[in-house]
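Here's the letter readout for the chains.
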Amino acid sequence: MKIISVSIAFGQHRTTAAEASPWRARKRNHLRRRRVVAHLLMVESWVGSMGRLLPRALREAGHDFTFLTRDLHHYLRSAPEGTAHPLLAARNVITADTNDTDALLPYAERLHAAMGFDGVLSSCDYYLPAVARIAARLGLPGPAPDAVEAACRKDATRRALDAAGVPGPRFAVCGDWARTAEAAREIGFPLVLKPVDLCAGMYVRRVDDESELARAHRELAAFPVNARGQLRAPVVLLEELLDGPEVSVETVSYGGAVRVVGVTDKSVGGAPAFVETGHMFPAALTTADAEAAADTARAALKALGLDQVVAHTEIKLTAAGPRVVEVNPRPAGNRITELVRHVTGIDLAAAFVEVALGREPDLVPRETGLRSAAIGFLVPERTGVLREITGADGLDGRPGVLEVQLAAPGKAVKETGSNNGYLGHVMAADSEGAGARARVEELLAGLCPRVVDER
């Protein structure tokens, strides 16, 4: 692995045809020796689950990747204790300003001339539009940039789905407080206030009256830059509060066809925030409800023009029928892809890689001996410092347990209002039926985090 620090603007970094030819010949010989199938450009990543699963999928397929980031320390700070961060398995780690897309495009072109990429990808929502534009610029496989940009902006998604007649909540896009208050009166409380360009449920709030709306609006306005240093759009999305359980439909789109891999359920807590507290795959639904959710997800992908993507479409099963919450043009987070893999044998992280290479992924289910798998998250209820988590002794050896990951004592804890502040998770399976969620809830109930005031 080479760690290379470069400036996005340095135009003198060019490889001439005469220089590139012998370099490419050496590269081809090197790849033959290592049996590397492809070389991908990865532009940023999440630091959590997919930041580990994606490098694993690349490695298991025999692929290599070059990692492009504006801040390598963002990832090193969250490396698993005692190990190197999985992203450091890259052939090259290059630092450049990934937030300046106009400069990033020609720079990626120069990197491509020198290194010869076969695909480009990212697991981080904030960089999916840039990746789609890079793929188009380099002539590599990928979804339509306009479609990805619309999917990554909640207001643009709402407008596209509404124009196509795909069912969703009543909504309004508001540019200032006066319009927000006016739209709230038009739609009626209770409402959901959302940023149009944040992830992981950040600043998504239920509001039941105008005073709560004003508070949520002020809190969001005080967060003008996202966690990656990108300026946020100064608009908010108001939506009617939908009733019913929420599920997600996991799909792979390739060659104009959408394959539904399955439907995952979701539990939510942390009101007035919407914090995901657990998932189970497959969701315990009637055949009719599962098919209705799948059909709605297909319609949403078609309305947005999304193809060549692994997608995670969130849907509310309301009394009036399925309603789209949002469409994410990347694999599910929160280790949902691992739930799918444990039950079906289908690796959605690997499918994501193959689609990025323009190849039809392997989506053939395999017998795993498991009928359901679930994950539950330990959510902090107060701010302070984690002293201990009691009840965890021997947890990973109990029947049905697949994974246990818990925060270490000394961790700084904040009462969370998003999916970014968990104290850990437990994953378990059921070989007989849909009992995985109940098993996880039983195991979580035995855990007791002790958080003390920070001194």
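Residues numbered from 1 in each chain as written. Predicted model: local features only at pLDDT ≥ 70, side-chain atom pairs only at ≥ 80, totals over all residues. Heavy atoms only, no water.

1. Notes on the overall build of the protein chain
Here is the rule: The way it works is that DSSP assigns letters per residue, a run of H or I at least four long becomes a helix, a run of E at least two long becomes a strand, and they are numbered from the N terminus. It is over C-alpha atoms that the radius of gyration is taken, and the globule rule equals 2.2 Å times the number of residues to the power 0.38. Residue exposure (1.4 Å probe, protein chains only): buried if accessible area is under 20% of the type maximum, exposed if over 50%, otherwise partly exposed. Every residue pair with non-hydrogen atoms within 4.5 Å of one another is taken to be in contact. Under the convention used here, Asp and Glu are negative, Lys and Arg are positive, and both His and the chain ends fall outside the count. Think of each charge as sitting on NZ of Lys, CZ of Arg, CG of Asp or CD of Glu.
Helices and strands together make up the secondary structure of the protein chain, namely 13 helices and 20 strands. Here the C-alpha atoms of the protein chain give a radius of gyration of 22 Å, agreeing with the 23 Å that 2.2 N^0.38 yields for 455 residues. Projected onto the principal axes, the alpha-carbon positions of the protein chain cover approximately 65 × 55 × 55 Å. The proportion of buried residues among the 455 residues of the protein chain is 53%. Intrachain contacts of the protein chain at a sequence separation of at least 6 include 72% that bridge at least 24 residues. Of note, the protein chain has its 54 positive side-chain charges centred 7 Å away from the centre of its 56 negative side-chain charges.

2. Quick notes on the sheet that holds strand β6 (residues 171–174)
This is how it is decided: Two strands qualify as a pair provided that DSSP identifies no fewer than 2 bridges between them. Angular values range over 0 to 180 degrees, each being the angle between N-to-C directions of two axes fitted as lines to C-alpha atoms, with helices fitted over their stretch in contact.
Ordered by their spatial adjacency, four strands build an open sheet running β6-β9-β7-β8, and the pairing between neighbours is antiparallel. Of all strands in the sheet, those bounded by a partner on one side alone are β6 and β8 (205–207). Adjacent strand axes in the sheet meet at a mean angle of 25 degrees, parallel and antiparallel pairs treated alike. As paired elements, β6 and strand β9 (residues 236–240) share four bridges and run antiparallel to each other. If you follow Cys174 over to β9, its bridge partner there is Val236. Contacts from helix α8 (residues 177–187) reach β6, β7 (191–195) and β9 within the one sheet, and its direction differs from that of β6 by about 170 degrees.

3. Some details on the nonpolar core
Basically, it comes down to this: Among buried residues, the Ala, Val, Leu, Ile, Met, Phe, Trp, Tyr and Cys ones that are joined through side-chain atoms within 4.5 Å form a nonpolar core.
One finds Leu40, Met42, Phe67, Leu121, Val252 and Val353 to be the most contacted residues of the largest nonpolar core, which totals 44 residues. It is helix α12 (residues 348–356) that contributes the most residues to this core, seven residues altogether.

4. Here's the deal with the environment of Glu210
By the secondary structure assignment, Glu210 is in helix α9 (residues 210–221). Each C-alpha atom, one on Glu210 and one on Pro190, is 9.8 Å from the other, the two residues being 20 residues apart in sequence.

5. Concerning the UniProt feature "domain: ATP-grasp" (unreviewed entry) in the protein chain
Short version of the rule: UniProt positions are given in the numbering used here, feature names are shortened, and annotations may be inferred rather than shown by experiment.
Residues annotated by UniProt as "domain: ATP-grasp" (unreviewed entry) correspond here to residues 158–357. Segment residues 158–357 splits into 33% helix and 32% strand. End C-alpha atoms: 30 Å apart.

6. Digging into the packing of aromatic side chains
Worth spelling out the cut-off: Here a Phe, Tyr or Trp ring, Trp counted by its six-membered ring, pairs with any other such ring whose centre lies within 6.5 Å, and the pair is stacked when the planes are under 30 degrees apart, edge-to-face when over 60, and tilted otherwise.
Applying the stated criterion across every chain, the model contains four aromatic pairs. With a centroid separation of 5.8 Å and 65 degrees between ring planes, the pair formed by Trp46 and Tyr126 is classed as edge-to-face. Linking Trp46 in the loop between β2 (39–43) and α2 (49–60) with Tyr126 in the loop between β5 (119–121) and α5 (128–138), this pair joins segments that are 80 residues apart in sequence. Each ring, one from Phe377 and one from Tyr422, has its centre 4.2 Å from the other, and the planes form 15 degrees; the classification is stacked.

7. What to know about the environment of Asp97
What counts is decided by this rule: Side-chain atoms alone can form a polar contact between residues adjacent in sequence; in general such a contact is a pair of N or O atoms within 3.5 Å, and within protein one must be able to donate a hydrogen while the other accepts it.
Tracing the sequence through the fold places Asp97 in the loop between β4 (92–95) and α4 (101–115). Sequence separation between Asp97 and Leu68 is 29 residues; the distance between their C-alpha atoms is 9.0 Å. A polar contact is formed between the side chain of Asp97 and the backbone nitrogen of Asn99, at a distance of 3.0 Å.

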